[in-house]
Amino acid sequence: MGFFGRSNKGAAGRKESLLPHSQPARTERQRSLRVSQLEQHRQNEAPKRRCLPCLCRSITLMFPLNGCLFIMLALYVLAQGVSISELTVSDRMADYGDQRKLLTIMFIGASCIFVTGAMRKIQFRVYQQRIGDDSKLWHALNVIAAASLILAYMGFCVLAIFDVNENLQVHLIGAFAYFIMSNLFGLIHMAMLWRQKQYPLYLKIVFSLIPIAATASSIAYMLSLNELGVIPGPLYTLEWLAIALHALLVGCTVLLFLHDPVDDELRDFFCCRRGRGGSGEQSSGIQMKRRREKEGTYTSWDDM
């Protein structure tokens, strides 16, 4: 028996009937208001969240662009007032009047290319982690490509500092290092790009034609020198062309980062840290998955 001699069943029924009928409707209105507030807050915060990544991406893209443009600018400055078919780049460097301006331009371009080599290495490593590729061969080629690009432009700086008139031997060491390593980078990078399936065909064709043309120009120039004399010459124009093509190859890597940005990993690289969600490959994979899910480009193929 319940209160006032009534059954508990009746009391329970009476208590249920005493509940306010407007409560479900009020709860639904509160839920709808809360959802609308959260949606409004998300829309207001979205531009702020996008601002910093866009700024970081713009800064990182400036490295390959500046590397290409400053090397091209150095060639343009050297070519002023002379015929590039009649003298080598080395001879023109030695005779150029304002050495400080020339070295500044070349050092800025080379420094940007150093960073670009590290960025491209990170991008290919992220791709390997994304598809679960543990191939030691491609990992080694990735390291060799980045190292060869950096060594090439270190040699470029050496041949700029030590001209042919003051220290010929050191200048020749820098020149050979530049041509050998830059051609090696172009060919390895071409193979790496065909390995990556996320890039369209036209990019692979562009990144194949440029290093092939640069390597052919370098070989033809070497064979045309008086010391070898295999090809009638010397064809000094091909030396200028090869240097320009190698710089253009570096500048075109902007297209790769526009197509497949690795903002989280590059931000960790520039901030000297190994990832917010952990370290090593696991952190990189988590960051890649989160970013691609946010962009709507993550598919089941990425889990393979």
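So, on to empty space enclosed by the protein. Taken as a whole and assessed by the stated rule, the structure comprises two cavities of 30 Å³ or more. Lining the largest cavity, in full, are Gly117, Arg120, Lys121, Asn142, Ala145, Ala146, Leu149, Phe185, His189 and Met192. Among the residues forming the lining of the largest cavity, the class breakdown is five nonpolar, three polar and two charged. Considered as a void within the structure, the second largest cavity measures approximately 30 Å³ in volume. Lining the second largest cavity are Arg57, Thr60, Leu61, Phe257, Pro261, Val262, Asp263 and Leu266.

Note that Ser148 resides in helix H5 (residues 136-161). When the C-alpha atoms of Ser148 and Gly117 are compared, they prove to be 8.8 Å apart, with 31 residues separating the residues in sequence.

Moving on, we get to helix H10 (residues 263-270). In terms of burial, H10 is a largely internal element, six of the eight residues being buried. Those residues of H10 not exposed but buried are Asp263, Asp264, Glu265, Leu266, Arg267 and Asp268.

This brings us to the packing of H5 against helix H6 (residues 168-195). One way to put it is that H5 packs onto H6 with a least axis distance of 7 Å and a crossing angle of 150 degrees. Accordingly, the angle class assigned to the pair H5 and H6 is roughly antiparallel. Every pair of crossing elements has a handedness; the one defined by H5 and H6 is left-handed. Residue composition of the contact of H5 with H6, by class: 21 nonpolar, six polar and one charged.

Our next topic: the packing of aromatic side chains. In this structure the tally under the stated criterion is six aromatic pairs. Seen in terms of ring centroids, Phe124 and Tyr127 are 6.3 Å apart; in terms of plane orientation they differ by 40 degrees. Their pairing is tilted. Of this pair, Phe124 and Tyr127 are both found in helix H4 (residues 99-131), three residues apart, which corresponds to roughly one turn of the helix. The exposure class assigned to Phe124 is buried, which follows from its relative accessible area of 0%.

The next subject is the pattern of salt bridges. Here the structure, examined in full by the defined rule, presents two salt bridges. A salt bridge links Arg130 to Asp260; the shortest N-O distance between them is 3.1 Å. A residue pair is termed long-range when its members are at least 10 positions apart, and Arg130 in helix H4 and Asp260 in the loop between helix H9 (253-259) and H10 qualify at 130 residues. The same class applies to Arg130 and to Asp260, which are both buried. Among the ionic pairs, Asp133 bridges to Arg195, the shortest N-O distance being 2.8 Å.

As a further point, take the confidence of the model for the chain. As a general rule, the predicted coordinates of low-pLDDT regions are not to be interpreted in detail. With 71% of its residues at a pLDDT of 70 or more, the chain shows a mean pLDDT of 79. Averaged pLDDT values over the elements of the chain bottom out at 48 in helix H1 (residues 8-18) and peak at 95 in helix H8 (residues 236-251). Contacts of residues 9-19 to residues separated by more than four positions or lying in other chains number one contact, the stretch itself having pLDDT below 50. When the criterion is pLDDT under 50, residues 276-286 qualifies, and its contacts beyond four places in sequence or with other chains add up to 18 contacts.

With that settled, consider the environment of His189. With respect to the helices and strands, the residue His189 is situated in helix H6. Separated by 18 residues in the primary sequence, His189 and Phe207 have C-alpha atoms spaced 8.1 Å apart. For His189, the residues in contact, after removing those within four places along its chain, are Arg120, Phe207 and Leu256. Within the structure, the side chain of His189 is placed 2.8 Å from the side chain of Arg120, a separation counted as a polar contact.

Here H4 spans 48 Å end to end across 33 residues, near enough to the 48 Å set by a 1.5 Å rise per residue. Once H4 finishes, Gly132 follows within two positions and takes phi at roughly 75 degrees, a positive value.

Procedures and definitions
- Residues numbered from 1 in each chain as written.
- Predicted model: local features only at pLDDT ≥ 70, side-chain atom pairs only at ≥ 80, totals over all residues.
- Heavy atoms only, no water.
- 1 Å grid on protein atoms, 1.4 Å probe; cavity = no way out; pocket = protein on both sides within 12 Å on 5 of 7 lines; lining within 4 Å.
- Points joined across faces, edges and corners; volume = space filled by probe spheres on them.
- Nonpolar A, V, L, I, M, F, W, Y, C, P; charged D, E, K, R; others polar.
- Helix = DSSP H or I, 4+ residues; strand = E, 2+ residues; numbered from the N terminus.
- Buried < 20%, exposed > 50% of the residue type's maximum accessible area, 1.4 Å probe, protein only.
- Axes fitted to C-alpha atoms, helices over the stretch in contact; angles between N-to-C directions.
- Parallel < 35°, antiparallel > 145°, perpendicular 65-115°, else oblique.
- Left-handed = near helix turned anticlockwise from the far one by under 90°.
- Phe/Tyr/Trp six-rings, centres within 6.5 Å; stacked < 30°, edge-to-face > 60°.
- Salt bridge = Lys/Arg side-chain N within 4 Å of Asp/Glu carboxyl O.
- pLDDT = per-residue confidence, 0-100.
- Contact = heavy atoms within 4.5 Å.
- Polar contact = N/O pair within 3.5 Å; in protein donor to acceptor, adjacent residues only side chain to side chain.
- Expected span 1.5 Å × (residues − 1).

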